[in-house]
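Structure assessment
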Amino acid sequence: MANPEPLNVSDLQRQFPALDQQVHGHRLVYLDSAATTQKPQSVLEAVDSVYRKDCANVHRGVHTLSERATARYEEVRKIATRFLGTEDSQEIVFTRGVTESMNLLANTLSGLVGGFKEGDEVLITELEHHANIVPWQLLSQSTGIRVKVLPCDDACELVLDDLDKLVTEKTRIVSVGHVSNAIGTMNDIDRIFSAARGVGAITILDAAQSAPHMDISPKKIDCDFLTFSGHKTYGPTGAGILWGKRELLDQMPPWQGGGDMIRTVSFEESTYAETPWKFEAGTPDIAAVIGLGAALEFLDSTGRPSVEAHEAELLRMIESHLMEMEGVQIVGKPATRACCVSFTLDGIHPHDAATIMDQNGVAIRAGHHCAMPLMKRLGLPATIRASVGVHNDQSDVEALIQSIQAVREIFA
Amino acid sequence: MANPEPLNVSDLQRQFPALDQQVHGHRLVYLDSAATTQKPQSVLEAVDSVYRKDCANVHRGVHTLSERATARYEEVRKIATRFLGTEDSQEIVFTRGVTESMNLLANTLSGLVGGFKEGDEVLITELEHHANIVPWQLLSQSTGIRVKVLPCDDACELVLDDLDKLVTEKTRIVSVGHVSNAIGTMNDIDRIFSAARGVGAITILDAAQSAPHMDISPKKIDCDFLTFSGHKTYGPTGAGILWGKRELLDQMPPWQGGGDMIRTVSFEESTYAETPWKFEAGTPDIAAVIGLGAALEFLDSTGRPSVEAHEAELLRMIESHLMEMEGVQIVGKPATRACCVSFTLDGIHPHDAATIMDQNGVAIRAGHHCAMPLMKRLGLPATIRASVGVHNDQSDVEALIQSIQAVREIFA
Amino acid sequence: MSSMRELYQEMIIDHSRSPRNHGKLQSANLEARGNNPLCGDEIDMQVLRSEDGVLSEIGFEATACAICTASASILTETLKGKAENEARGIFESFHSTVTGESSAAYPPELMKLEVFTGVKDYPSRVKCATLPWHTLMQALEEKSEEASTE
Amino acid sequence: MSSMRELYQEMIIDHSRSPRNHGKLQSANLEARGNNPLCGDEIDMQVLRSEDGVLSEIGFEATACAICTASASILTETLKGKAENEARGIFESFHSTVTGESSAAYPPELMKLEVFTGVKDYPSRVKCATLPWHTLMQALEEKSEEASTE
Ligand SMILES: Cc1ncc(COP(=O)(O)O)c(C=O)c1O
Ligand SMILES: Cc1ncc(COP(=O)(O)O)c(C=O)c1O
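Predicted, not measured: the structure shown is a model, and the values here were computed from it.

1. Overview of the interface of chain B and chain C
Between chain B and chain C, the contact holds 14 residues from the first and 19 residues from the second. Interface area for chain B against chain C, summed over the two sides, is near 1,500 Å², with a carbon-plus-sulfur share of 60%. At the boundary of chain B and chain C, one finds one salt bridge. Between Arg125(C) and Asp352(B) there is a salt bridge, with the nearest N and O atoms lying 2.9 Å from each other. Joining chain B to chain C, the criterion identifies eight residue pairs in polar contact (both at pLDDT 80 or more). Among the secondary structure elements, those contributing two or more residues to the side of chain B that touches chain C are α12 (350-359) and α14 (394-410) of chain B. A breakdown of the residues in the side of chain B that touches chain C according to their chemical character gives six nonpolar, six polar and two charged.

And the structure:
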């Protein structure tokens, strides 16, 4: 593959108004994109213009503002379809984000498999975010299905050799994160999903931490469902995408009831709208969806191969700097890394480090990263996580390293 | 009661940027607030400033942006508590709006009543919006409970004499709209809820169409739960409020699973966060919630008794104009009216009327208003609905009437 | 208001008030129901298709706006006596004209359809004009599902 | 960095590295567990309360940040030997000082608590300082629930 065009990072930086601020007297160095990304000007303008010009409810209105709002809202399904490289824009369901998508799936997939029965299994992994654990636990409580876990090794790589043992005739669903938000491990999705397909299981990809960084076309990643959060993809809070194969979505019952998701309502019986509207009950987050459209166009315009290459280089720089420092332990040694680097400082709790780093203008995350089972496996209460976005550059990496030095001075 | 201060409407109008536009060469006359309200400048600024300055995920961050975002987000619980005249800000649950609130309740109230059993009943009314019908129908399908309906008469007033017959020992939940979004009927909530309390039923108020217009303090309206949508209360799309009594919320199980709603997660078992966080799984719509805070402060600052008096006067004007016109039928004759007036034009379908009125700059809604069962009861496929907000004035009423005249000319 | 006069031309008002071929067609051998859930328009179309594939009779009943009713009425006048294939071709050109995809003029014998051209400027009303046509196609497919304009 | 030096004073670093009264108190007759789910801090506090209501022994174990650990350590030093009522009063003034509600100075015998005053400027860290205190109160209440700083 030819090298992608280098990113024009300084141009990108100028597009993020929030980066242009001081924190405790220092330039803001934002290394917490895995929690939520900053938003480019075009997204801010999209949201603002909805409220300034096209502020109306969607779908049911005949008047001009409502027609404009509806057209802009529905246009985002087409933008998302292009973003994913798929064809059918009715495969795009708007949710609040990955969490809501997973809950929707956990509550409606029974319609596909003809109901869950005791003994059925859902396979997840030890690297998952709580959003891909708790919905299945709740489903397990109400249906008796079992949640099985593909373990990871000390390098925080999934133990793929266990697949044969764990993927069996009982496996109905395999739901896996593409990239671990706690460690940065990029999982071998092809191998996991091909095992799943082998037993006829439904495959779900949590693309929360891959969508902002790489191409996630379902044509390449052969899966049944895929979901990501807009707010981690340079879009507003409140809107995310659940993509699913049309024939599957068509067979699933609705989840939430209310306006917009119905065809007819009577007190005796109601009939439901077509896919995807049957999954979008009530007034949707119109402005956030329209903002998400702008975000996906922004990301597409940067050239995703360039983003991937640029961020991989930043992560390599961070890793090699950290490896040179004494008393720094990098957590996990994934073969392919994206999104972030997690580490700990000997004798210093991550929260103390985070406070001192923030004092130096460096925003990172300290904690369990909503991956408590993984933290338990690693025997760590928390880690420090530096995650990257399109606007980060070498000077951010240097500021990160300096701020770690400052932490060590305080605790010297 | 002393007359409230008159609203300073021209001042209010200037606060809504979207009103300052032309539609088909005419000044925009927005009479569709019941679908969604326009947003004042302060709300736009609140949302925008989140993305420009305080853009971070909430609750788990130690860094400055995250601390600011968390503080602003949690502050809205206090603002909402003041808005409702209640005391405990942990009684405020953020949802996307009334639809999500109703689905949350339908899925978690079983935790309060010790599980639903066949024969249990939920009472709603013939005036309800689909958001207060379909969730109970779905619950009925999964649990066998029955949905009973308090009918309305030809004036679109609820038949309260039927209460004794319909509210029985079997009634577990009584869920009623405060003001009908299709007709404008203000229901006698006190009488309905006191009957409900008499049999120990849980009471739920759909305040979607009363919150923007009047005081809805749960201290006056004695109920267990109350919900409204931010986007109909001058706030952004994506955020609404579910208020509930603390001791009830505490007893209810969570609904959606994921990050933020947990205390601890392990593959064996998870424990959940306290009320209200256990109901807020995943990254919430941070910007919309903060915008909603600005909207509630805006509404409080206008003086709600003044809003109520001003809007009541506008509705009276619309009604009396319509009564003078030939070939116009007002739908419903509620004793107390808020929010809107619904009507039909002889021999002219509401959708044709809506298109022609829009051509005159007048935005109204034509359709079934997500109240299909009511429309069937009335024998109408649709009505024309003019609904009012704080920024409407006499000139808007005149424009409305002129636009109806224009419709009649086309169809003369 | 001139644009409104263009949308609501005399012919549309006339057909909506006195729809042709209105009322259930008793002799029909094909039928379908269509609805537009967003505005509540409902239409039933009945067709008598002869053995050689000619739509010899078309009837309809509707609770719908002027544009939908007039569209149904003019549809019946236009397609009655046409071969099924020809009818499909006319559907295609009608559809692409009212959705704004094509601006080709109709051939002289279809000039009546011209009155719906203005609809393309009113996106939420396009479905009103196309619903009867979609419903007819549904009837010809012998599908049991309702046609819908979602 | 002067503000960081103020937050992480020598005394805090020292107590976090060498916490006093650390380790399970075997003679305890009261205990409670506290956690801060947002950052993962976990603490177990044990108390030996004598019959006349004096907190004669206090011990703790913690997996927590420097501020939380130092707060627990200094708590034990400060409250050991105090009557329960007096301990509650000290909790109140500590709590209102670190949350910024009060800016009253501590009496001379409580001057050690002064080192946590800087915490009030770091809202997300206030809970780190108060967790041990909340947990102690939980133990005194003889409540079975975990203390939590949500
Ligand atoms: C891998 C992964 N999955 C799921 C989520 C949940 O996303 P959201 O909070 O937007 O619903 C996150 C975000 O923290 C994540 O990193
Ligand atoms: C009375 C009533 N209830 C519920 C709703 C649903 O609100 P939302 O679409 O914001 O969830 C509406 C809005 O149309 C309404 O008018």
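This is not the end of the story, as more comes after the structure.
2. Looking at the pairing of strand β14 (residues 340-345) of chain B
All names here are of chain B. Counted residue by residue, β14 has six buried out of six residues, so it is predominantly covered. Alternating residues of β14 divide into Cys340, Ser342 and Thr344 and Val341, Phe343 and Leu345, and every residue in both groups is buried. By the bridge criterion, three bridges tie strand β13 (residues 328-330) to β14 in an arrangement that is antiparallel. Pairing of Gln329 across the sheet is with Thr344, part of β14. The pairing of β14 with strand β17 (residues 383-387) spans four bridges and is classified as antiparallel.

3. Some points on the packing of aromatic side chains
Given two aromatic rings, their pairing is described by the distance between the two centres and the angle made by the two planes. Scanning the entire structure with this criterion turns up 17 aromatic pairs over all chains. For the ring pair Trp255(A) and Trp255(B), a centre distance of 5.2 Å and an interplane angle of 35 degrees mean the geometry is tilted. Remark: Trp255(B) occurs in the loop between α9 (246-251) and β11 (262-265) and Trp255(A) occurs in the loop between α9 (246-251) and β11 (262-265); the pair is interchain, linking two chains. Assessed through its relative accessible area of 11%, Trp255(B) is described here as buried. An aromatic cluster is present here, built from Phe16(A), Tyr234(A) and Phe298(A) joined pairwise through their rings. Arg304(B) extends its terminal NZ or CZ atom over the ring of Phe83(B), reaching a point 3.8 Å from the ring centre.

4. Points about the site of ligand 2
Lining the immediate surroundings of ligand 2 are 13 residues, of which Thr283(A), Thr99(B), Asp206(B), His231(B) and Lys232(B) lie closest. Between an oxygen atom of ligand 2 and a side-chain N or O atom of His129(B), the distance comes to 2.9 Å. At a separation of 2.7 Å, an oxygen atom of ligand 2 approaches a polar side-chain atom of Gln209(B). Contact with the protein chains covers 95% of the free accessible surface of ligand 2, which is 400 Å². Split into classes, the residues belonging to the shell around ligand 2 amount to three nonpolar, eight polar and two charged.

5. Here's the deal with the relation of the copies chain B and chain A
Here chain B sits on chain A after a turn of 180 degrees about the axis and a move of 0.0 Å along it, with an RMSD of 0.0 Å. Interpreted geometrically, this transformation is the action of a two-fold axis. Looking at the rotation axis and the C-alpha trace of chain B, the residue lying nearest is Gly238(B), at 3.1 Å.

6. Some points on the site of ligand 1
Neighbouring ligand 1 are 13 residues, the closest being Thr99(A), Asp206(A), Ser229(A), Lys232(A) and Thr283(B). Ligand 1 sits at a junction of chains, with neighbouring residues supplied by chains A and B. Within the side chain of Thr99(A), one N or O atom sits 2.5 Å away from an oxygen atom of ligand 1. Take His129(A): an N or O atom from its side chain is 2.9 Å from an oxygen atom of ligand 1. Here the shell around ligand 1 is composed, by residue class, of three nonpolar, eight polar and two charged.

7. Remarks on the domain arrangement of chain A
All names here are of chain A. Looking at the assigned domains, one finds that chain A contains domain 1 (9-30 + 303-411) and domain 2 (44-301). Placing the centre of domain 1 and that of domain 2 at their C-alpha centroids yields a distance of 28 Å. In this complex, domain 1 contributes 35 residues to the contact, which on the side of domain 2 involves 34 residues. Here domain 1 meets domain 2 over a buried area of about 2,700 Å², counting both sides, of which 57% is carbon and sulfur. Summed over the shared surface of domain 1 and domain 2, the result is three salt bridges. Counting across the domain 1 and domain 2 interface gives 20 residue pairs in polar contact (both at pLDDT 80 or more). Of all the secondary structure elements, the ones that give two or more residues to the side of domain 1 that touches domain 2 are α11 (304-324), β14 (340-345) and α13 (372-378). Ranked by residues supplied to the side of domain 1 that touches domain 2, first place goes to α13 with six residues. Tallied by class, residues from the side of domain 1 that touches domain 2 come to 20 nonpolar, eight polar and seven charged.

8. As for the interface of chain B and chain A
Each partner contributes residues to the interface: chain B has 87 residues there, and chain A has 88 residues. For the pair chain B and chain A, the summed buried surface comes to about 6,800 Å²; carbon and sulfur atoms form 58% of the total. Contact with chain A buries surface across chain B, with Tyr51(B), Arg96(B) and Phe267(B) losing the most and accounting together for 12% of the total. Our count for the contact surface shared by chain B and chain A stands at two salt bridges. For Glu100(A), the salt bridge is made with Arg96(B), and the minimal N-O distance between the two is 2.7 Å. The dominant element in the side of chain B that touches chain A, judged by the number of residues it contributes, is helix α2 (residues 41-53) of chain B, at seven residues. Class assignment for the residues of the side of chain B that touches chain A results in 38 nonpolar, 32 polar and 17 charged.

9. Considering unusual backbone geometry
At the junction of Thr275(A) and Pro276(A), the peptide bond is cis and its omega measures out at 5 degrees in the coordinates. On the secondary structure map, Pro276(A) appears in the loop between β12 (270-272) and α10 (286-302). Backbone geometry places Tyr234(A), a non-glycine residue, at a positive phi of 75 degrees. Relative to the helices and strands, Tyr234(A) is located in the loop between β9 (225-229) and β10 (240-244). The backbone phi angle of Cys370(B) is positive, close to 50 degrees, even though this residue is not glycine. Position of Cys370(B) among the secondary structure elements: in the loop between β16 (365-367) and α13 (372-378).

10. Details of the sheet that holds β14(B)
Residue and element names in this part refer to chain B. A sheet is described by the order of its strands in space; here four strands give the open sequence β13-β14-β17-β16, paired in antiparallel fashion. Edge positions in the sheet fall to β13 and β16, since each of these pairs with one other strand and no more. Direction aside, the axes of adjacent strands within the sheet are offset by 30 degrees on average. Packing of helix α11 (residues 304-324) onto the sheet brings it into contact with β13 and β14, and relative to β14 it is tilted by some 15 degrees.

11. Observations concerning the pattern of salt bridges
All names here are of chain B. One pass over the full model with this rule turns up 80 salt bridges over all chains. Between Asp161 and Arg191 there is a salt bridge, and its shortest N-O distance comes to 3.7 Å. Residue Asp161 is found in the loop between β6 (146-150) and α7 (163-166), and its partner Arg191 is found in helix α8 (residues 189-198); the two are separated by 30 residues along the sequence. Of the charged contacts, one joins Arg337 and Glu319 as a salt bridge, the two residues approaching to 3.2 Å between their closest N and O atoms. Residue Arg337 is located in the loop between β13 and β14, and its partner Glu319 is located in helix α11; the two are separated by 18 residues in the primary sequence.

Reading the values: the criteria
Residues numbered from 1 in each chain as written. Chains lettered and ligands numbered in written order. Predicted model: local features only at pLDDT ≥ 70, side-chain atom pairs only at ≥ 80, totals over all residues. Heavy atoms only, no water. Contact = heavy atoms within 4.5 Å. Buried area = accessible area lost by both parts, 1.4 Å probe. Salt bridge = Lys/Arg side-chain N within 4 Å of Asp/Glu carboxyl O. Polar contact = N/O pair within 3.5 Å; in protein donor to acceptor, adjacent residues only side chain to side chain. Helix = DSSP H or I, 4+ residues; strand = E, 2+ residues; numbered from the N terminus. Nonpolar A, V, L, I, M, F, W, Y, C, P; charged D, E, K, R; others polar. Buried < 20%, exposed > 50% of the residue type's maximum accessible area, 1.4 Å probe, protein only. Pairing = 2+ DSSP bridges. Phe/Tyr/Trp six-rings, centres within 6.5 Å; stacked < 30°, edge-to-face > 60°. Lys NZ or Arg CZ within 6 Å of the ring centre and 35° of its normal. Near = heavy atom within 4 Å. Areas by Shrake-Rupley, 256 points an atom, 1.4 Å probe, with all protein chains shown as cover. Least-squares fit on C-alpha atoms with pLDDT ≥ 70 in both. Domains from an automatic or database assignment. Axes fitted to C-alpha atoms, helices over the stretch in contact; angles between N-to-C directions.

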